[in-house]
Amino acid sequence: LISYHLRDKPDEKTKLKIQILDARGRMISEIENIAKEKGLNRVNWNLRYGGPQVRRPPTDEETQFTGGPRGPQVLPGTYTVKLFVGDKTYEKEVEVRLDPTISVQPADLQSQLDMTLKLRDMQSATNSALRTLDSLKGQVEFVERTVKDRLTEVPKDLADKLSEQKKKVEQLQNKLAQPDGGLGFAGRSQLVNRIGGLFFTIDGANAAPTPAQRELYADVQKEFDTKIAEVNKFLGDAVPELNETLRRFNAPTLMTGKPIELPKP
C-alpha cells in the first residue's frame, strides 16, 4: 500500500502517476489514473512488474474480477517509488521483504523471475501480433465493402484475392489464440494460452522452475519463434502483394506497421 499526501487538489488537467524503479533505476511498473484528492491518498502496488500488453483493453468487470494483466513478482530488495504530479516529482525508497515463513534461495527466485519475465514478454509480442492481425482483417473487410459499393461487379481475381488473404489472416489468428467462442484446432490450446498457462504455473510458487517446466518452456519458445516468424513473413510478403493488386483496381490499400518485435534475449 503506497500513501501520498496532496496539500491541494490538482486541477483536472494535472496528470498523476506512480512509477516503481528497481535498484538500477529501471522502471518495472507504472500505476496511472491514481486518486488526486486533497489530503491523504492511497494506491495499491501488488509487488509485481507491469503485466503484458493485451490484445484488447479489459472491461471494467474483467479488471475487477482478475485485477488486470499480471506481471512477475519482484525480488526482495530496495525499490524507488516516484510520484509524478504534473511537472513535479517526489520519490521515496521502499524495501520489499520475503515472507519469513518461506525458505528459498535467492538464486531460485532469480531463476523464476528470469523465466516469468521472458514469458510475459512473449505474451506481449503475441498479443501485438494479434492486434495487427485484427486490424488487417478489419481493413480487408472494409476494402471488400468499398469495392462492392464502387463497382457494379467486383472482378473475380480481386474478390478471390481478398477472400484468400482474409482466410490467411484468420488462420494466423487461430494459431495464436483460440477463436472467440471456440476451442482452437482439435481442442488444443493455442500459443497465447500456453504461454499464459505456463507463466501462472511457474509464478504460483516461490521456487525455481522445475525440469518439467523448463522443458515445456523450451517447447513454447520454439512454437513462439515459429509462429511469430510466420506472421512477420505474411506481413512482409503477402500484404505488399495484395496491395499491388488493390492499386491496380484503385482500391484502398492495407496498412501493416512494423514487423512484430521479438523480446530481447
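Just so it is clear, the structure is predicted and the values come from calculations on it, not from any experiment.

> Could you give an account of the pattern of salt bridges, with specific residues and numbers?
One pass over the full model with this rule turns up 19 salt bridges. The salt bridge partner of K82 is E91, with a shortest N-O separation of 4.0 Å. Note on E91: relative accessible area 55%, which makes it exposed. Put simply, D237 and K233 hold a salt bridge, and the shortest N to O gap is 2.8 Å. With D237 and K233 both in helix α5 (residues 211–248) and four residues apart, this pair spans about one turn of that helix. The structure contains a network of salt bridges with shared partners spanning R48, R70 and D203.

> I'd love a proper account of the sheet that holds strand β2 (residues 16–21), names of residues and values included.
One open sheet accounts for four strands, arranged β3-β2-β5-β6; its pairing is antiparallel. Taken across any chain shown, the strands that pair with only one partner, and hence form the sheet edges, are β3 (27–32) and β6 (88–96). Going across the sheet, the axis of each strand differs from the next one's by a mean of 20°, ignoring polarity. Of the pairings in the sheet, the one linking β2 to β3 comprises five bridges and is antiparallel in character. Looking at β3, one finds that I20 is bridged to S29.

Thresholds, definitions, all that
Residues numbered from 1 in each chain as written. Predicted model: local features only at pLDDT ≥ 70, side-chain atom pairs only at ≥ 80, totals over all residues. Heavy atoms only, no water. Salt bridge = Lys/Arg side-chain N within 4 Å of Asp/Glu carboxyl O. Buried < 20%, exposed > 50% of the residue type's maximum accessible area, 1.4 Å probe, protein only. Helix = DSSP H or I, 4+ residues; strand = E, 2+ residues; numbered from the N terminus. Pairing = 2+ DSSP bridges. Axes fitted to C-alpha atoms, helices over the stretch in contact; angles between N-to-C directions.

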